[in-house]
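Architecture at a glance
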Amino acid sequence: MTKINDNYLKLPGSYLFSTVAKKISAFQEANPDKPVIKMSIGDVTRPLVPAVIDAMHKAVDEMAAAETFRGYGPEQGYDFLRNAIVKYDYASRGIELEADEVFVSDGAKSDCGNIGDIFSVDNKVAVCDPVYPVYVDTNAMAGRAGDYIDEHWSNLYYMPCLAENGFMPQLPTEKVDIIYLCFPNNPTGVAATKEQLKPWIDYARENKAVILYDSAYEAFITNPDVPHSIYELEGAKEVAIEFRSFSKTAGFTGTRCAYTIVPHELKVNGTELNGLWNRRQCTKFNGVPYIIQRAAEAVYSPEGQKQTKENVAYYLNNASIIRNALTDIGLEVYGGENAPYIWAKTPDNMGSWEFFDKILNETAVGTTPGAGFGPSGEGYVRLTAFSSKENTEAAMERIKKLL
Ligand code: PLP
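This one's a predicted model, so the numbers in the text were calculated from it and none came from an experiment.

This brings us to the overall build of the protein chain. Per the secondary structure count, the protein chain includes 13 helices and 17 strands. By the compact-globule yardstick of 22 Å for 403 residues, the protein chain fits well, its C-alpha radius of gyration being 21 Å. Along the first, second and third principal axes, the C-alpha atoms of the protein chain reach 60 × 55 × 50 Å. Per-residue burial over the protein chain gives 55% buried out of 403 residues. Partitioning the intrachain contacts of the protein chain with sequence separation of at least 6 by distance along the chain shows that 73% fall at a separation of at least 24. A total accessible area of about 17,600 Å² is found for the protein chain, and carbon and sulfur atoms account for 50% of it. Separation of charge centres in the protein chain, based on 39 positive and 53 negative side chains, amounts to 2 Å.

Bringing the nonpolar core into the picture now. Counting 70 residues, the largest nonpolar core has Ile 179, Leu 181, Ile 211, Phe 246 and Phe 252 as the members making the most contacts within it. With six residues, the top contributor of residues to this core is helix H4 (residues 79-90). Phe 246 has contacts with Leu 81, Ile 85, Gly 251, Phe 252, Cys 257, Ala 258, Tyr 259, Ala 296, Val 299 and Tyr 300, leaving out every residue within four places of it along the chain. With 28 residues, the next largest nonpolar core counts Tyr 132, Tyr 135, Ile 241 and Val 262 among its residues.

Further remarks concern the sheet that holds strand S8 (residues 210-214). Taken in spatial order, the seven strands of this open sheet run S2-S10-S9-S8-S7-S3-S6, and their pairing is mixed. Where the open sheet ends on each side, the last strands, each with one partner, are strand S2 (102-105) and strand S6 (157-160). Geometrically, the sheet is characterised by an average inter-axis angle of 20 degrees between neighbouring strands, direction not taken into account. Here four bridges tie S2 to strand S10 (residues 258-261), and the two strands are oriented antiparallel to one another.

Definitions and limits used
- Residues numbered from 1 in each chain as written.
- Predicted model: local features only at pLDDT ≥ 70, side-chain atom pairs only at ≥ 80, totals over all residues.
- Heavy atoms only, no water.
- Helix = DSSP H or I, 4+ residues; strand = E, 2+ residues; numbered from the N terminus.
- Rg over C-alpha atoms; globule rule 2.2 N^0.38 Å.
- Buried < 20%, exposed > 50% of the residue type's maximum accessible area, 1.4 Å probe, protein only.
- Contact = heavy atoms within 4.5 Å.
- Areas by Shrake-Rupley, 256 points an atom, 1.4 Å probe, with all protein chains shown as cover.
- Lys, Arg positive; Asp, Glu negative; His and termini not counted.
- Charge placed at Lys NZ, Arg CZ, Asp CG, Glu CD.
- Core = buried A, V, L, I, M, F, W, Y, C linked by side-chain atoms within 4.5 Å.
- Pairing = 2+ DSSP bridges.
- Axes fitted to C-alpha atoms, helices over the stretch in contact; angles between N-to-C directions.

In structure tokens:
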């Protein structure tokens, strides 16, 4: 008889963002005269920049001619893109990497989830709370999280990120084997300085732990003390895998391109994780389309850099509009300075979902309830800066009027 993976049955409710989306569409259906402004799901709204579109057109034409047509590409990504990543994202910051330490993929979401394939189910996993739900749910699916009891997975080690600790996780007080860190953070929008990250490298080295560092929002960093890559810290290559994405950097959420760095120096019991990840990718993944990789390469051209940076600046300006508006009405507001997310404390100790419903029903603005990111997110909502400036301003006017 067929047996299913029972771990899936332990997963609570539906995925956070689908619940939010369902609530927003139900409201919209019931109130067609009140257009909802979505500041909920972290999806970009600005189109791909001209440099990227030009590169895509050119690559499409190459696919139309027998001499330049491409079929299956290398599972790890084409050299032109891997070399561009090494040169522009790492060498430019003084980090030496080999092209074969870069694995191009269709998304940081897939990579953050799939990376679990190369680790035993016995590992003790530490996650921040609140957290990007993918880390938790994929470990639960793999059977690494235990049972879901009172909003906590019994085998996960939770690191609460609260106002009291500046939303920075504290080092585990028990031994953990795998640590997910995400900076600039989704959902809190807080970024970690080199000084704040250093103890994590030390911890991982002392405890033979691996850090899974999600740097999907590095393009939003404005503070010079905040590293764009964990490898800016000495010794990090021995203990960390880094996930990056073109999604938020260059508007590729619907285009799909990301990459993961697995340094050769990173070894567990003498085994290079680079080799394991390579094996996994070659077996289960057939590479990112040529057209998309050419588009990603164009992000690094001088025009691509200028144009994508303009978009990031546009979103950061929205973030400051949100920060200022919510601060003006007396809410406690975090993030938004090195990230496209604003983490706001609900007024009068309202619950996250209660506040989400109030804002949706009374102002037709969609937010994301903090509780959906983990128990310590209760009492907060997350707003994103990915709308247009006009919609951001309109949403803030509506919320200001209500509160
Ligand atoms: N990592 C974090 C922290 C994210 O917030 C997101 C998307 O919202 C992703 C990864 C997913 O990135 P991608 O679009 O490359 O799958």
